[in-house]
Amino acid sequence: MADALPLQTTAPAAGSSATARLVIPIRPAAGAAQENALDCSGTEVFALRVMGASMAPEFEDGDIVVIEPEGRVRDGAYVLVQLPREGWVLRRLRAAPAAGPDRAGWWVEVLDGSSPSAPLPGPEAVAGVVIQRARPGRRRETRWYGD
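Residues numbered from 1 in each chain as written. Predicted model: local features only at pLDDT ≥ 70, side-chain atom pairs only at ≥ 80, totals over all residues. Heavy atoms only, no water.

Caption draft 1: Broad picture of the overall build of the protein. Within the protein, the secondary structure is distributed over 0 helices and 12 strands. Beginning at the N terminus, the succession of helices and strands in the protein can be written as β-β-β-β-β-β-β-β-β-β-β-β. Considering the protein as a whole, with its 147 residues, one finds that 33% of them fall into the buried category. On the protein, roughly 8900 Å² of surface is accessible, and the fraction owed to carbon and sulfur atoms is 52%. (Helix = DSSP H or I, 4+ residues; strand = E, 2+ residues; numbered from the N terminus. Buried < 20%, exposed > 50% of the residue type's maximum accessible area, 1.4 Å probe, protein only. Areas by Shrake-Rupley, 256 points an atom, 1.4 Å probe, with all protein chains shown as cover.)

Now the structure itself:
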């Protein structure tokens, strides 16, 4: 249920002009890391190639994105998410804090407007957050995401 996801607020650093951010925690799928205690693959970063233009202009067809599968994601972060009708897709996460002070409605959206925003099915649908984008053949066009 999109409006029942836990909401956390990160406070800005002392003396900073930044505002508090809305975030949700992400974790590997339950049991993924426990199946083999020596296998840490469920928590390692991984890379994917972008297919399609729904996230243009930020991510173009053929871009390589690096995904961090653990931590917290904030409003406006780019995430790898599993949606019921679309499967695994890259989307921008948006918070709509209209559900109260300790809850938020979380949505995912495409950037090119080709489909409407959709509610996030739950925090378990988020497989990770984009931490880097690279354009093959263009070393100078690498971009880092995060705090």
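The structure having been displayed, the exposition proceeds.
Caption draft 2: How the structure looks around the packing of aromatic side chains. Under the defined criterion, the tally for this structure stands at 3 aromatic pairs. Through a chain of ring-to-ring contacts, three or more aromatic side chains come together here, namely Phe59, Tyr78 and Tyr145. (Phe/Tyr/Trp six-rings, centres within 6.5 Å; stacked < 30°, edge-to-face > 60°.)

Caption draft 3: Structural detail: the nonpolar core. Judged by nonpolar contacts, the single largest core of 17 residues is most densely connected at Val73, Val79, Val81, Leu93, Trp106 and Leu120. When residues of this core are traced back to their parent elements, those giving at least two are strand 3 (21–26), strand 7 (78–83), strand 8 (87–96), strand 9 (103–109) and strand 11 (126–135). Grouped together as the second largest cluster of nonpolar side chains are 11 residues, Val65, Leu80, Leu90 and Val110 included. (Core = buried A, V, L, I, M, F, W, Y, C linked by side-chain atoms within 4.5 Å.)

Caption draft 4: Layout of the pairing of strand 11. Counting buried positions over the 10 residues of strand 11 gives 7, a clear majority of the element. Two strands pair when backbone bridges link them, and strand 5 (residues 64–68) and strand 11 are joined in this way by 5 bridges, in the antiparallel orientation. Residue pairing across strands places Ile67 opposite Val130, the latter belonging to strand 11. As judged from the 3 bridges shared by strand 7 and strand 11, these two strands associate in the antiparallel manner. Residue Val79 lies in a different strand from strand 11, and its bridge partner there is Val129. With 3 bridges joining them, strand 11 and strand 12 (residues 138–144) adopt antiparallel strand pairing. Residue pairing in the sheet places Gln132 in a bridge with Trp144 of strand 12. Counting the residues in the hairpin turn of strand 11 and strand 12 gives 2 residues, including Gly137, whose phi is positive at 80°. (Pairing = 2+ DSSP bridges.)

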